[in-house]
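# Observations on the three-dimensional arrangement
Here is how the chains run, residue by residue.
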Number of protein chains: 2
Amino acid sequence: MADNKTLALIGCGLMGGSFALAAQQAHQVHHTIGYSVPHASAHHFYELGIIQSIAASAAEAVAQADIVLIAVPVASMPSVFAAIAPALPDHALIMDVGSTKRSIIQAAQHHLGARFSQFIAAHPIAGKEKAGHSEPFAHLYQNKNVILCPESQSNPAYLKQAHSLWQAIGATPIILDADQHDRGLAAVSHLPHLLAFAYMDALLQQPDATDLLALGGPGFRDFSRIAGCDPTIWRDILPDNQDQILPLLHAVRQAIDTIENAMMQRDTTQLEAILQRASQARINWK
Amino acid sequence: MADNKTLALIGCGLMGGSFALAAQQAHQVHHTIGYSVPHASAHHFYELGIIQSIAASAAEAVAQADIVLIAVPVASMPSVFAAIAPALPDHALIMDVGSTKRSIIQAAQHHLGARFSQFIAAHPIAGKEKAGHSEPFAHLYQNKNVILCPESQSNPAYLKQAHSLWQAIGATPIILDADQHDRGLAAVSHLPHLLAFAYMDALLQQPDATDLLALGGPGFRDFSRIAGCDPTIWRDILPDNQDQILPLLHAVRQAIDTIENAMMQRDTTQLEAILQRASQARINWK
């Protein structure tokens, strides 16, 4: 039976808590034991009924677990792997929910030893759109994609289990290699976030920033929305995936330069041609 | 009575057609005479009942008008002013709906002569979010801001009339000088559009563009949405307002460089500080 399983949740935030709630509601998990730094988050989750017990350490949390979900900021992953490695049961499925994959896989490989075959790197494409506290909710992952990045050493039985588990909570698993994941996410998430943060910051530098922002309408609202994301998440993701972000940033700079030149030369023919192909591509997208 | 007024609509697209429909429904206008290049657009509007007669020229359209609305792309404004100037009645309110204001006002001043006192430059902050054909609808301007930019030569009676007219169709008039308008719109609209177009174009240059775009989620959807806007509108706006766009683009490049440097140096403290202030500003916005 699936529903007698114990989940160890390392990190008590929106992503992990929503997974725990969804897995319980889908009868994939019977009991969740949580561990979090800060400890207050685990206590809060216990009071909300998201976890049913609190562990004193990450190692204690995983010791009796059938499923381990590591839902901490990207830069904290290596220390979590190091802490849990000695205590991991030999049958536990181990997953993360980090926004980058190569560095997390590398850290898992380094710290988990033989247990690395039980690790399936996962990135659910869902989450909070604003910084600050958000309570978990069971349907966060419904109708969302989750990218799974198995390695050659991954035991196929664990990949199959991970696949079923995410499907059971309403997500659509997509299997990619970690390079494809990190390049793809750099293109459709990491670099747009960098640019949105930079855009807001550039406006803030203006002496009349308040007047400018007051004029923002629906276009500005959507373009800048992701600048409201959690800085403690993004300060980790950007450096971690910089080798994928930088070449794309170079391409964006070139595209900006090309439009700028056409604009300055009032070359409306060339300008329209560029805007036309960008516009058509955006309209054709999904 | 307000509702015995005749509206001359120059340009039969979403912006002008929606104004005509709204003004008729609000009993501000009794009869609309339309003129458009291409002529097929005016015929289409006639068949839809948006206009009640078709003029053979812009001058013919305005000859009997109480209100003239010029709703053509920014670069076509000067030729419209030149064409209508000799035929304008001495009591007609004249407005445009263009996305830039200084150059349009300058062209109006140059071509309208004494009738310039009847001209109130207007920019309703509403419109289509995707390129291609969109039928007009009467509530386009409801609960939207419309920026009015009177000049020192503007007759206050016409400003008052323009104000009442936009209010009557559900919009909120904001009075700004043309410099403030053009700088503000560069910041919250023109430059975001330039960057969104450039972003899409940079992705299209990638050999694996299709794979990258397939991974886009809600963040990418919102960030890139305005890249789907009409290239024939934007090829005019960007060159027209370039002197306001360029200094802001310079500031955005600097903000990108600063984030890039912190990212490359893995200076997560500085990076978090920048992202934190950008994020907080975005959360505090409206």
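Chain A goes by Prephenate dehydrogenase in an unreviewed UniProt entry, where it is assigned to Paenalcaligenes hermetiae.

Before going further, it helps to examine helix H12 (residues 268-284) of chain A. Residue pairs spaced three or four apart in an α-helix point in one direction, given the helix's 3.6 residues per turn. Here H12 of chain A is 17 residues long and its end C-alpha atoms lie 23 Å apart, about the 24 Å a rise of 1.5 Å per residue gives. What H12 of chain A keeps buried is the set Leu 271, Ile 274, Leu 275, Ala 278, Ser 279, Ala 281 and Arg 282 of chain A. Buried residues of H12 of chain A, viewed axially, fall in a sector of 160°; they line one side. Facing away from the buried side of H12 of chain A, by more than 90 degrees, are the exposed residues Thr 269 and Asn 284 of chain A. Tucked into the core, H12 of chain A has its buried residues touching helix H11 (242-264) of chain A together with helix H7 (178-204), helix H9 (218-224) and helix H10 (231-240) of chain B.

Turning to the sheet that holds strand E2 (residues 31-35) of chain A, a few remarks are in order. Residues and elements named next belong to chain A. Reading across the sheet, the eight strands line up as E3-E2-E1-E4-E5-E6-E7-E8 and stay open at both edges, with mixed pairing between neighbours. Both edges of this open sheet fall to strand E3 (53-54) and strand E8 (172-175), since each of them pairs with a single strand only. Sheet analysis places strand E7 (residues 145-149) next to E8, joined by four bridges and oriented parallel. Looking at the pairing, Ile 147 lines up with Ile 174 of E8. Sitting on the sheet, helix H4 (residues 77-84) touches strand E1 (6-10), strand E4 (67-70), strand E5 (93-96) and strand E6 (119-124), and the angle it makes with E4 is about 155°. Strands E6 and E7 of the sheet are contacted by helix H7 (residues 178-204), whose axis makes an angle of about 140° with E7.

With that out of the way, let us pick up the interface of chain A and chain B. Chain A puts 83 residues into the contact, and the matching count from chain B is 83 residues. Summing both sides of the interface, chain A and chain B together bury roughly 7800 Å²; the carbon and sulfur share of this comes to 68%. At the boundary of chain A with chain B, the tally comes to 12 salt bridges. Applying the counting criterion to the chain A and chain B interface returns 35 residue pairs in polar contact (both at pLDDT 80 or more). Every element with two or more residues in the side of chain A that touches chain B is listed here: H7, helix H8 (209-214), helix H9 (218-224), helix H10 (231-240), H11 and H12 of chain A. Ranked by residue count, the leading element in the side of chain A that touches chain B is H7 of chain A, at 20 residues. By residue class, the composition of the side of chain A that touches chain B is 51 nonpolar, 14 polar and 18 charged.

Residues and elements named next belong to chain A. Burial analysis of E7 places four of its five residues in the buried class, the great majority of the element. When E6 meets E7, the two strands line up antiparallel, connected through four bridges. The residue of E7 that forms the bridge with Ala 121 is Cys 149. Each parallel crossover has a hand, and the one from E7 via helix H6 (residues 156-168) to E8 is right-handed.

Another aspect to go through is the domain arrangement of chain A. All names here are of chain A. Under the domain assignment, chain A is made up of domain 1 (2-176) and domain 2 (181-284). Between the C-alpha centres of domain 1 and domain 2 the distance comes to 32 Å. Domain 1 puts 17 residues into the contact, and the matching count from domain 2 is 16 residues. Roughly 1400 Å² of surface becomes buried between domain 1 and domain 2 when both sides are summed, with 55% attributable to carbon and sulfur atoms. Summed over the shared surface of domain 1 and domain 2, the number is two salt bridges.

This brings us to the packing of H11 of chain A against helix H11 (residues 242-264) of chain B. Close contact between H11 of chain A and H11 of chain B brings their axes to 12 Å; oriented N to C, the two are set at 170°. In terms of orientation, H11 of chain A and H11 of chain B fall into the roughly antiparallel class. At the point where H11 of chain A passes H11 of chain B, the crossing takes the left-handed sense. Of the residues in H11 of chain B, those touching H11 of chain A at Gln 242, Ile 245, Leu 246, Leu 249, Arg 253, Ile 256, Asp 257, Glu 260, Met 263 and Met 264 of chain A are Gln 242, Ile 245, Leu 246, Leu 249, Arg 253, Ile 256, Asp 257, Glu 260, Met 263 and Met 264 of chain B. Taken together, the residues that form the contact of H11 of chain A with H11 of chain B break down as 12 nonpolar, two polar and six charged.

Our next topic: unusual backbone geometry. All names here are of chain A. Backbone torsion omega between Val 37 and Pro 38 reads 5°, so that peptide bond is classified as cis. A positive phi is found at Arg 266, a non-glycine position, where the angle reads about 50°. Structurally, the position occupied by Arg 266 is in the loop between H11 and H12.

Further remarks concern the relation of the copies chain A and chain B. The two copies are related by a screw operation: chain A maps onto chain B through 180° of rotation and 0.0 Å of translation along the axis, at an RMSD of 0.0 Å. Taken together, the rotation and translation describe the operation of a two-fold axis. Among all residues of chain A, the one whose C-alpha sits closest to the rotation axis is Phe 223 of chain A, at a distance of 2.1 Å. Interface residue correspondence from chain A to chain B reaches 100%, placing this contact among same-surface, isologous pairings.

Right, let's get into the sheet that holds strand E5 (residues 93-96) of chain B. All names here are of chain B. Strand order in this open sheet of eight strands is E3-E2-E1-E4-E5-E6-E7-E8, and the pairing throughout is mixed. Only two strands of the sheet have a single partner each, and these edge strands are strand E3 (53-54) and strand E8 (172-175). Summarising the sheet, strand E4 (residues 67-70) and E5 pair through four bridges and their orientation is parallel. Note that in E5 the partner of Ile 70 across the bridge is Asp 96. Together, E5, strand E6 (119-124) and strand E7 (145-149) form the strand contacts of helix H5 (residues 102-112), whose direction differs from that of E6 by roughly 155°.

All names here are of chain B. Regarding helix H4 (residues 77-84), the residues found buried are Met 77, Val 80, Phe 81 and Ile 84. Buried residues of H4, seen end-on, are gathered within an arc of 100° and therefore sit on one face of the element. The inward-facing, buried residues of H4 abut strand E1 (6-10), helix H3 (58-62), E4, E5, H5 and E6.

Time to look at the nonpolar core. Core analysis: the biggest nonpolar cluster contains 151 residues, and Val 68 of chain A together with Val 68 of chain B have the highest contact counts within it. Sequence-distant contacts of Val 68 of chain A, that is, excluding residues within four places in its chain, are made with Ala 8, Ile 10, Val 62, Ile 84, Leu 88, Ala 92, Leu 93, Ile 94 and Met 95 of chain A. Of all hydrophobic cores here, the second largest spans 36 residues; its members include Met 15, Leu 21, Ile 51 and Leu 165 of chain B.

The rules we used
Residues numbered from 1 in each chain as written. Chains lettered and ligands numbered in written order. Predicted model: local features only at pLDDT ≥ 70, side-chain atom pairs only at ≥ 80, totals over all residues. Heavy atoms only, no water. Helix = DSSP H or I, 4+ residues; strand = E, 2+ residues; numbered from the N terminus. Expected span 1.5 Å × (residues − 1). Buried < 20%, exposed > 50% of the residue type's maximum accessible area, 1.4 Å probe, protein only. Arc of directions from axis to C-beta. Contact = heavy atoms within 4.5 Å. Pairing = 2+ DSSP bridges. Axes fitted to C-alpha atoms, helices over the stretch in contact; angles between N-to-C directions. Buried area = accessible area lost by both parts, 1.4 Å probe. Salt bridge = Lys/Arg side-chain N within 4 Å of Asp/Glu carboxyl O. Polar contact = N/O pair within 3.5 Å; in protein donor to acceptor, adjacent residues only side chain to side chain. Nonpolar A, V, L, I, M, F, W, Y, C, P; charged D, E, K, R; others polar. Right-handed = clockwise from strand over helix to strand, strands pointing away. Domains from an automatic or database assignment. Parallel < 35°, antiparallel > 145°, perpendicular 65-115°, else oblique. Left-handed = near helix turned anticlockwise from the far one by under 90°. Least-squares fit on C-alpha atoms with pLDDT ≥ 70 in both. Core = buried A, V, L, I, M, F, W, Y, C linked by side-chain atoms within 4.5 Å.

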